[in-house]
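Fold and contact review
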Amino acid sequence: MSQESEKPHIAVTAEGSATVVPDMAVTQFTVLREAPDTVEAMEDANQAMADVIEAMKGFGIAERDLQTAGFNVRPIYDHRRREPVDGSEPEGPRITGYAVSNTLTVRIRDLAKTGEVLTKAVELGVSADGNIQLTTAEPQAIIDEARRDAVEQAMAKAKTLAEAAGVSLGPIMSLSEGSYSRPPVPMARMEMAMADQGSAVPIEAGENEYTVNVTLKIAIDQPTD
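The rules behind these values
Residues numbered from 1 in each chain as written. Predicted model: local features only at pLDDT ≥ 70, side-chain atom pairs only at ≥ 80, totals over all residues. Heavy atoms only, no water. Helix = DSSP H or I, 4+ residues; strand = E, 2+ residues; numbered from the N terminus. Buried < 20%, exposed > 50% of the residue type's maximum accessible area, 1.4 Å probe, protein only. Contact = heavy atoms within 4.5 Å. pLDDT = per-residue confidence, 0-100. Expected span 1.5 Å × (residues − 1).

Here we come to the overall build of the protein chain. When helices and strands are counted, the protein chain shows 4 helices and 8 strands. Listing the helices and strands of the protein chain from first to last along the sequence gives α-β-β-α-β-β-α-β-α-β-β-β. For the protein chain, the proportion of its 225 residues judged to be buried stands at 33%. Contacts in the protein chain between residues far apart in sequence, at least 24 positions, make up 86% of those at least 6 positions apart.

With 83% of its residues at a pLDDT of 70 or more, the protein chain has an overall mean of 86. Across residues 185–197, where pLDDT falls below 50, the model places 35 contacts with residues more than four positions away in sequence or in other chains.

Our next topic: helix H4 (residues 140–165). Counted at 1.5 Å a residue, the expected span for H4 with its 26 residues is 38 Å, and the 37 Å between its end C-alpha atoms agrees. Within the span of H4, buried status applies to Ile 142, Ile 143, Ala 146, Ala 150, Ala 154, Ala 158 and Ala 162. In this structure, the buried residues of H4 make contact with strand E1 (9–20), strand E6 (168–181) and strand E8 (208–221).

Now the structure itself:
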């Protein structure tokens, strides 16, 4: 065991926080099309997604903020029990068509346009329930603010403990960051299918809170004779 680890010290943990008004929305739109065969289903889904992408670009959303998040082709089954007339075994489920889904992640950097974007998506018939993350495009500055608050909280704790114990604080032995957390996802949820197509979906930005945890170890000042 090193001499430094044997030195009397005070160890504290603290959580700092900082809030910021979101300046970006992230959502996903899914188009779902069904047809008797895969070719027709894919053509319909591709055209529907092309219409969505064109509409997003019409709102000034850049290509870098449009990203395919999923693509799926699945058969559609008829599970109804069918009794054959010749007395043989009942037939199992049969394929009656195919469903093609295509999901697009959209980052809306002009938060004021979010309601209009969602409303347009509804008008285009996207199959989405309106899960939205209201976030910050450049979170580093607010995270740094939370770090400073965490260190201030830790120093205040250490001073209080030292005063209560009747000792003086010496130099800082170590300072480490344990973790930081962003706001949970999603921050908002709306049933888009119920939106009034005559007006934009209402969006309230609110505030996001970022938190940072730190651990501080400070030596107890030992008077010399």
